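Architecture at a glance
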Amino acid sequence: MIINNVHIVTASDVIFGSIHIDNGMIRDISDTPSRLPAALDGEGNWLLPGLIELHTDNLDKCFTPRPGVSWPAASAMKSHDAGIISSGITTVLDAIAIGDVRAGGHRMENLQTMIDAIQFSRKNTLNRADHYIHLRCELPHNTTLPLFEKLKSLPELHLVSLMDHSPGQRQFISREKYRTYYQGKYHLTNSQMDEFTQQQLDFAAQWSQPNRESIAAQCRELGLPLSSHDDATEAHIDESYALGVNIAEFPTTLEAARLAYQKHLQVMMGAPNVVRGKSHSGNVSALQLAHEDVLTILSSDYFPVSLLDAVFKIAGDETLPHTLPQSVAMATRHPAQALGFDDRGTLAIGLRADLLLVKTHQQQPYIQSVWRQGERVY
């Protein structure tokens with residue numbers, strides 16, 4: 001297959017020409033259009049590597065589309081995969097949480113069902129995107145470590161994150177913000193919220209640090225990539241670095257992001273934060289980190305289509321120090337490097353033909369076609 005008349009976004013440049021695909025691999029990139037009549041005409045649009053998503057909660061939403069509603073697994077997985085591939089994401093780490101912050105939460109109920117759905121759909125080649133698992137470990141919980149030890153050898157597991165959503169920690173250093181968020185989320189009375197807060201503080205005091213240290217040690221032993229979550233201070237980054245973390249996921253302050261970057265951690269922020277221009281929870285803006293040039297990875301988080309939108313928003317902002325290849329790298333090359341995937345993430349000879357044909361109109365990207373390993377999947 002030859003795709004012709006496209007602006008090919010490589011790791012360092014944009015080349016107008018054609019790309020030759022054979023047996024699922026990139027065989028040649030040319031700076032001249034092909035003369036072969038069978039070549040696919042890209043009509044002058046952009047050709048990007050398939051996007052790589054490290055943290056998405058979309059699968060969870062497909063399994064529980066409304067509170068109290070559990071959707072059939074095969075249908076939920078099919079819907080999730082369709083949303084991912086139609087957003088230009090060809091490799092995705094589906095985020096699955098262990099250790100719920102509240103008894104009776106649906107995350108724990110869906111845990112094995114979601115894992116089974118990912119494994120079943122992979123085994124039977126039902127997915128259009130390449131699906132793996134990101135295991136999110138809620139540290140202040142007695143079930144977290146036993147569950148991690150049960151799941152750590154899953155062949156689909158490619159990322160583990162350390163989370164602590166207890167009062168006074170990371171995302172919720174402000175106790176007032178913590179109270180506002182969870183009281184609103186769970187519709188608690190003042191007395192119920194007081195009881196819930198104390199329970200979480202007790203759990204954190206007993207379980208957070210032992211779980212953090214044990215899970216990090218086992219990840220180092222297994223060679224599993226490890227990310228921190230919602231680092232807020234330089235002390236948090238120092239601790240993460242000492243534990244062997246290689247991704248600072250959603251730092252909440254500029255000081256934390258700066259130090260993470262200085263320590264050569266990948267700094268990941270939410271693409272919705274970029275598209276909206278601010279954090280939905282009042283933390284540091286991803287665009288501010290981009291201005292500081294300390295932002296290295298983008299994640300769609302809770303809205304898959306935001307990933308490509310954020311790439312083009314950053315590239316199109318003349319106040320930011322990023323070319324299109326540099327912004328594309330935040331959703332392709334850098335996440336591939338963080339996972340140790342050396343077969344994808346860049347348009348280069350010898351790599352997988354995971355491709356994305358994108359048309360732009362009024363600075364908005366529109367996906368025309370998606371290929372995974374040379375096969376058109378959208």
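Residues numbered from 1 in each chain as written. Predicted model: local features only at pLDDT ≥ 70, side-chain atom pairs only at ≥ 80, totals over all residues. Heavy atoms only, no water.

**Remarks on the packing of helix α7 (residues 234–243) against helix α8 (residues 254–262)**
The contact between α7 and α8 brings their axes to 8 Å, and the two run at 30°. Accordingly, the angle class assigned to the pair α7 and α8 is roughly parallel. The two elements α7 and α8 cross, and the hand of that crossing is right-handed. Of α8, the residues touching α7 (which contributes Glu234, Ile237 and Asp238) are Glu255, Ala256, Leu259 and Ala260. Considered class by class, the residues forming the contact of α7 with α8 number four nonpolar, no polar and three charged. (Axes fitted to C-alpha atoms, helices over the stretch in contact; angles between N-to-C directions. Helix = DSSP H or I, 4+ residues; strand = E, 2+ residues; numbered from the N terminus. Parallel < 35°, antiparallel > 145°, perpendicular 65-115°, else oblique. Left-handed = near helix turned anticlockwise from the far one by under 90°. Contact = heavy atoms within 4.5 Å. Nonpolar A, V, L, I, M, F, W, Y, C, P; charged D, E, K, R; others polar.)

**What about the packing of helix α4 (residues 144–151) against helix α6 (residues 190–222)?**
For the pair α4 and α6, interaxial distance at closest approach is 10 Å and the crossing angle is 10°. The orientation of α4 relative to α6 falls into the category roughly parallel. Counting all contacts with α4, which are made through Thr144, Leu145, Phe148 and Glu149, the residues of α6 involved are Asn211, Ser214, Ile215, Gln218 and Cys219. In the contact of α4 with α6, the residues fall into four nonpolar, four polar and one charged.

**Side note on the nonpolar core**
Within the largest apolar cluster, 44 residues are counted, with the highest numbers of intra-cluster contacts made by Leu289, Leu295, Leu298, Leu308, Ile314 and Leu356. No other element matches the six residues that helix α11 (residues 306–316) contributes to this core. When we break this core down by domain, the ones giving at least three residues each are domain 1 (1–49 + 344–377) and domain 2 (51–343). Not counting chain neighbours up to four residues away, the residues in contact with Leu308 comprise Leu48, Leu51, Ser87, Leu356, Val358, Pro365 and Ile367. Grouped together as the second largest cluster of nonpolar side chains are 31 residues, Phe63, Ile133, Leu157 and Ala216 included. (Core = buried A, V, L, I, M, F, W, Y, C linked by side-chain atoms within 4.5 Å. Buried < 20%, exposed > 50% of the residue type's maximum accessible area, 1.4 Å probe, protein only. Domains from an automatic or database assignment.)

**Overview of the environment of Glu149**
Structurally, Glu149 is set in helix α4. Each C-alpha atom, one on Glu149 and one on Val370, is 37 Å from the other, the two residues being 221 residues apart in sequence. Within the structure, Glu149 has its side chain in polar contact with the side chain of Gln218 (distance 3.1 Å). (Polar contact = N/O pair within 3.5 Å; in protein donor to acceptor, adjacent residues only side chain to side chain.)

**Re the side chain of Ser300**
With respect to the helices, strands and loops of the structure, Ser300 is situated in the loop between β13 (297–299) and α11. Leave out the neighbours within four places in its chain, and Ser300 touches Glu53, His55, Thr56, Ile89, Ala271, Pro272, Ser306 and Leu307.

**Brief notes about α7**
Listing the buried residues of α7 in full gives His236, Ile237, Ser240 and Leu243. Each buried residue of α7 sits inside an arc of 125° when the element is viewed along its axis, so together they form one side. Turned more than 90 degrees away from the buried face of α7, the exposed residues are Ala235 and Ala242. Packing partners of the buried residues in α7 comprise β9 (157–163), α6, β10 (226–229), β11 (247–249) and α8. One or two residues past the end of α7 sits Gly244, with phi positive at roughly 95°. (Arc of directions from axis to C-beta.)

**Focus on unusual backbone geometry**
Positioned with a positive phi, Phe250 is a non-glycine residue whose angle comes to about 55°. Tracing the sequence through the fold places Phe250 in the loop between β11 and α8. Owing to a relative accessible area of 13%, Phe250 belongs among the buried residues under this scheme. We note that Gln373 has phi near 50°; this positive angle belongs to a residue other than glycine. Topologically, Gln373 is positioned in the loop between β15 (364–372) and β16 (375–376).

**Points about the packing of aromatic side chains**
How two aromatic rings sit relative to each other is given by the distance of their centres and the angle of their planes. Here the structure, examined in full by the defined rule, presents one aromatic pair. Where Tyr132 meets Phe341, the ring centres are 5.4 Å apart and the plane angle is 50°; that geometry is what we call tilted. Linking Tyr132 in strand β8 (residues 130–138) with Phe341 in the loop between α13 (333–339) and β14 (355–361), this pair joins segments that are 209 residues apart in sequence. On the accessibility criterion, Phe341 (11% relative accessible area) is buried. (Phe/Tyr/Trp six-rings, centres within 6.5 Å; stacked < 30°, edge-to-face > 60°.)

**Overview of the pattern of salt bridges**
In this structure the tally under the stated criterion is ten salt bridges. Between Asp22 and Arg27 there is a salt bridge, and its shortest N-O distance comes to 3.9 Å. The partner of Asp354 in a salt bridge is Arg352, and the shortest N-O contact between them spans 3.1 Å. Here the two residues Asp354 and Arg352 agree in accessibility, since each one is buried. Put simply, Arg122, Asp130, Asp343, Arg344, Arg352 and Asp354 are held in one network by salt bridges that share partners. (Salt bridge = Lys/Arg side-chain N within 4 Å of Asp/Glu carboxyl O.)

**Considerations on the sheet that holds β8**
With parallel pairing, eight strands are arranged side by side in an open sheet as β6-β7-β8-β9-β10-β11-β12-β13. Unpaired on one side and paired on the other, β6 (51–56) and β13 mark the two borders of the sheet. Along the sheet, successive strands turn relative to each other by an average axial angle of 25°, direction set aside. The pairing of strand β12 (residues 266–270) with β13 spans three bridges and is parallel. Bridge pairing links Gly270 to Ser299 in β13. (Pairing = 2+ DSSP bridges.)

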